[in-house]
Amino acid sequence: MKIYIIIPAYNEANFIGQTLQSLIGQSQPADKIVVVDDGSTDNTPKIVSKFAEKHPEISLIKNVSEGKHLPGSKVVNAFNIGLKTFDDDFDIICKFDADLIFPQNYLEKISFHFDQNLKTGMVGGFCEIQKNDEWVLENLTGKDHIRGALKAYRKACFKDIDGLKPAMGWDTVDELLAQYHGWEIKTDKNLRVKHLKPTGKNYNKASKYKQGEAFYSLRYGFVITLIASAKLAFKKKDFSFFLNCITGFLYAKNKKRPYLVNKDEGRFIKNLRWKKMQEKLF
């Protein structure tokens, strides 16, 4: 299967070299890797250029955007810029972060999962972070969710969901819409990827209400938002996160912010969320 990879990068000079090194050393190498430098002020583009000189499958695109690091639109806009440089001759499209170290068999294993089940639309492993000299699971989401840091899509699925939404919550709505279109999500607990920079480390204060706004945009409704916010706050061990989520949700509702999904998709998403909650309870 032909694999194309897009890596949005912003001030990742400390990590991007390790990420690219782990990708060029794969047992099943990617056919194309494009790094979209999103206005970095450090040596990120210089490091990528050195890799590109030696490895023709790697290319660099420089993009100028607002410097602040917000979850959602910035990273997806950079991804879409990279996507425009690709032809349509791929089987798998990946969106990877620039601060990851992949195990040598990562691409081979995700290809295997796509081959094994033609209904599989998305595949991913899990992120680990370093704590006290040990690599432990970055336990922020459920075991059936693929983190935004390491998304891999079958081409047909990617087209069915109409690509990635440039908003906070894009890495949840993609899976929900994939299931709406009949695709299955596959996570592999044995695929562990080293995440060199903990999630949200560089997010600024303006992003703290974004998760709640995202729940609103997905048409979760208040009750599901309440439960989902409490669950995330518990995982993060941060009660203020719960309050920020609810505040963000109510703010978006009051302002009548646009939804990311239509009414039919929203109805499906609500039913799917309730079903999964019931499965975990009973």
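All residue numbers here refer to positions counted from 1 along the written sequence of the relevant chain. Totals for whole chains, interfaces and linings use every residue, but because this is a predicted model, local features are given only for residues with pLDDT of at least 70 and side-chain atom pairs only at 80 or more, for both listing and counting. As a rule here, side-chain values cover all heavy atoms of the structure and leave hydrogens and water aside.

Student: Let's hear about helix H1 (residues 16-24): which residues, and what values?
Tutor: Since one α-helical turn is 3.6 residues long, residues separated by three or four positions face the same way. Think of it in three bands: residues with accessible area under 20% of the maximum for their type are buried, residues over 50% are exposed, and the middle band is partly exposed, with areas taken using a 1.4 Å probe on protein chains only. Strands are runs of DSSP state E lasting at least 2 residues, helices are runs of H or I lasting at least 4, and numbering of each runs from the N terminus. Burial runs high along H1: 7 of the 9 residues are buried. Note on contacts: a residue pair is in contact if any heavy atoms of the two residues lie within 4.5 Å. Next to the buried residues of H1 lie strand E1 (3-9), strand E2 (32-38), helix H2 (44-54), strand E3 (58-63), strand E4 (92-96) and strand E5 (100-101).

Student: An account of the domain arrangement of the chain is requested, with residue identities and associated values reported.
Tutor: In this document the domain limits rely on a domain assignment from an automatic tool or a database. When the domains of the chain are assigned, the result is domain 1 (3-195) and domain 2 (205-279). Computed over C-alpha atoms, the centres of domain 1 and domain 2 are 24 Å apart. Domain 1 puts 16 residues into the contact, and the matching count from domain 2 is 20 residues. The quantity reported as buried area is the accessible area (1.4 Å probe) lost by two parts once they are put together, taken as the sum for both. Between domain 1 and domain 2, a total of about 1600 Å² is buried, with carbon and sulfur atoms accounting for 72% of that surface. Think of a salt bridge as a Lys or Arg side-chain nitrogen and an Asp or Glu carboxyl oxygen that are within 4 Å of each other. At the boundary of domain 1 with domain 2, the tally comes to 1 salt bridge. The salt bridge partner of Asp144 is Lys276, with a shortest N-O separation of 3.4 Å. Of the residues assigned to the side of domain 1 that touches domain 2, the class counts are 9 nonpolar, 5 polar and 2 charged. Amino acids are sorted into nonpolar (Ala, Val, Leu, Ile, Met, Phe, Trp, Tyr, Cys and Pro), charged (Asp, Glu, Lys and Arg) and polar (every other residue, Gly among them).

Student: Go over the packing of aromatic side chains, please, and point to the residues and values.
Tutor: When the centres of two rings from Phe, Tyr and Trp lie within 6.5 Å, Trp using its six-membered ring, the rings pair. Their planes under 30 degrees apart give stacked, over 60 give edge-to-face, and anything left gives tilted. Under the defined criterion, the tally for this structure stands at 13 aromatic pairs. An aromatic cluster is defined as three or more aromatic residues linked by ring pairs; in this entry it consists of Tyr216, Phe222, Phe249 and Tyr259. Counting as a charge over the ring demands two things of the Lys NZ or Arg CZ atom: a distance within 6 Å of the ring centre and an angle within 35 degrees of the ring normal. Across from the ring centre of Tyr10, 4.6 Å away, lies the NZ or CZ of Lys74, which sits over that ring. For Lys155, the ring lying beneath its charged end belongs to Phe90, and the centroid distance is 5.4 Å.

Student: Give me the lowdown on the pairing of E4, citing residues and values where you can.
Tutor: Taking burial as the measure, the 5 residues of E4 include 5 buried ones, the bulk of the element. On E4, burial covers both faces: Ile92, Cys94 and Phe96 on one face and Ile93 and Lys95 on the other are all buried. By the bridge criterion, 4 bridges tie E1 to E4 in an arrangement that is parallel. If you follow Ile3 over to E4, its bridge partner there is Ile92. What makes two strands pair is DSSP finding at least two bridges between them. Relative to strand E8 (residues 150-154), E4 runs antiparallel, the two being bridged by 5 bridges. Considered in E8, the bridge of Phe96 is made with Leu150.

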